[in-house]
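# Results of the structural survey
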Amino acid sequence: MLLSIALSMIPSLTACDGTKAGKSGDTASGGSDTSGATNCQDGEWMNPAFVGRNVEPDDADGSFDRPYSTFAEAFEMNADCVGVLPATYSESIVLPDTGAYVYAYSAGQFTTIEGDGLSPAVSIWTGESTMDGLIITGGGGYLVESQEDYGAETADIDCYHGGGIMVGGGSLTLMDMDITGNELPPFSSVFDGVNRYDITKSKGGGVFVMSGTLLMDNVRIEGNMAAEGGGIFVEAGAAAAIGQGIIRRNWAEYGGGFATMGDLTATNTIISRNESQYGAGGLVYGTANLGNVVIVGNDGVALVFDFGAGGFLKNSIVSANTFGGIYGTADNDFTSEYSNVYDNAGSDYNGFADPAGSNGNIPADPMYNAWSHDRTGDDDRSLAPGSPSIDA
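Residues numbered from 1 in each chain as written. Predicted model: local features only at pLDDT ≥ 70, side-chain atom pairs only at ≥ 80, totals over all residues. Heavy atoms only, no water.

A few words now on the sheet that holds strand 15 (residues 196-203). As summarised here, the arrangement of the four strands in space is 10-11-15-14, forming an open sheet in which the pairing is mixed. Edge strands, defined here as strands with exactly one partner in the open sheet, are strand 10 (142-150) and strand 14 (188-191). Averaged over all pairs of adjacent strands, the angle between their axes in this sheet comes to 20°, without regard to strand direction. As paired strands, strand 11 (residues 153-161) and strand 15 are joined by four bridges and run parallel to one another. By the bridge assignment, Tyr160 is partnered in strand 15 with Ser202. (Pairing = 2+ DSSP bridges. Helix = DSSP H or I, 4+ residues; strand = E, 2+ residues; numbered from the N terminus. Axes fitted to C-alpha atoms, helices over the stretch in contact; angles between N-to-C directions.)

Right, let's get into the pattern of salt bridges. Across all of its chains, the model carries six salt bridges by this definition. Here Arg220 and Glu222 are joined by a salt bridge, their closest N and O atoms 2.3 Å apart. Since its relative accessible area comes to 21%, Arg220 is described here as partly exposed. Take Glu222: its relative accessible area is 12%, and that puts it in the buried class. Each member of the salt-bridge network shares a partner with another, and the members are Asp178, Arg220, Glu222 and Arg248. (Salt bridge = Lys/Arg side-chain N within 4 Å of Asp/Glu carboxyl O. Buried < 20%, exposed > 50% of the residue type's maximum accessible area, 1.4 Å probe, protein only.)

What follows covers unusual backbone geometry. Even without being glycine, Asn78 reaches a positive phi, approximately 70°. Here Asn78 shows up in the loop between helix 1 (71-76) and strand 2 (81-84). Even without being a glycine, Arg249 presents a positive backbone phi close to 55°. Relative to the helices and strands, Arg249 resides in the loop between strand 20 (246-248) and strand 21 (258-260).

The biggest cluster of nonpolar side chains holds 68 residues, and the ones touching the most others in it are Phe71, Val102, Met131, Ile136, Leu174 and Leu214. Ranked by the residues each element gives to this core, the list is headed by strand 13 (residues 171-180), at five residues. Leave out the neighbours within four places in its chain, and Val102 touches Phe71, Phe75, Val82, Val84, Leu95, Thr130, Met131, Asp132 and Leu134. (Core = buried A, V, L, I, M, F, W, Y, C linked by side-chain atoms within 4.5 Å. Contact = heavy atoms within 4.5 Å.)

What follows covers the packing of aromatic side chains. Throughout the structure, instances matching the rule amount to twelve aromatic pairs. Seen from their ring centres, Phe50 and Tyr105 are 5.1 Å apart, and the 80° between their planes marks the pair as edge-to-face. Of this pair, Phe50 sits in strand 1 (residues 49-51) while Tyr105 is found in the loop between strand 5 (101-104) and strand 6 (112-114), placing the two residues 55 residues apart along the sequence. Accessibility expressed as a relative area gives 0% for Phe50, which makes it buried. Classification of Tyr105 as partly exposed rests on a relative accessible area of 29%. (Phe/Tyr/Trp six-rings, centres within 6.5 Å; stacked < 30°, edge-to-face > 60°.)

This next bit is on the environment of Glu114. When you line up the elements, Glu114 lands in strand 6. Residues Glu114 and Ile135, spaced 21 residues apart in sequence, show a C-alpha to C-alpha distance of 8.2 Å.

Only one face of strand 29 (residues 333-337) is covered, namely the one carrying Phe334 and Ser336; the face carrying Asp333, Thr335 and Glu337 has none of its residues buried. Direction of pairing for strand 26 (residues 310-314) relative to strand 29: parallel, over a ladder of five bridges. Bridging across to strand 29, Gly311 finds its partner in Phe334.

This is the structure in structure tokens:
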């Protein structure tokens, strides 16, 4: 079920220029010689440096017993493979330009990067880096300040990008990560007696992809907030992909779970309980390719495709969303195959022909094992025996 849809009555995404105005901090290039057990992917990085707690800075050498106390210190010492010992690190990280592999050393124990609330918790601007097994929280976004003329008045504009993670360029891979509790400010505006103008804007509460590529495997994006793209925002010309993921309980005025002007691909992913007045599950201005996804119980219309947006929906379920299923217009490059769109308040489809009955598309109760419409219970979105969505 390939799908591309658009909504004719929604406002355009607010311009919020993510142009890089300079990096907040310099980092050193890779090539670590510190001692320790190797545990970086494929052995490409040998002898990792360690980051930990309870060591006096003067005594730290990056070994397991005397770890660096900050990521900045490890990168300054040219560490490109960094094992992170269990703790909460109150530090906003800028990944080095030459790339790094940063991983939680002890599986099953909480290893958290808590941003300073004034910048993204993690930023990458160039190079190829990987992060594995970490919790990212407390980010405040990358601020771009500008001015805009509103008639006879000039207003100062603040636009925040990427609360949890800011991908300003290069390539970032995230594995087994939680991105949660990152909040950017909502829209604020001024009124000149005739028109209302936005003076505070934000994109990508959990993740903002301004440029380059982001790959995510087994990543949970939950409980984040922004004006646009509460969970994730993908800018025009950028690309992001998530597999085996969860995008849940994020909030935005536009695109609760995600918003994309670039290319977004999601496979084997649950998009649930997000909230937005325009595209609670997702808002698409570019391309969204969705395969084997479950978009359920979002507070608003599940998916909104704007004019000219495209993508596909295949082997997926869209159900129990509070204001509608999939909304768009006839000019969308939309294809749907083997998908089940059912029981969405208002209507399952709006703005284009209902594809049910063709290309394997059906409207039927998916028969989840456990589902609470009142949003209070524990949800089990696995399918019960006899579900029409099994081997459909």
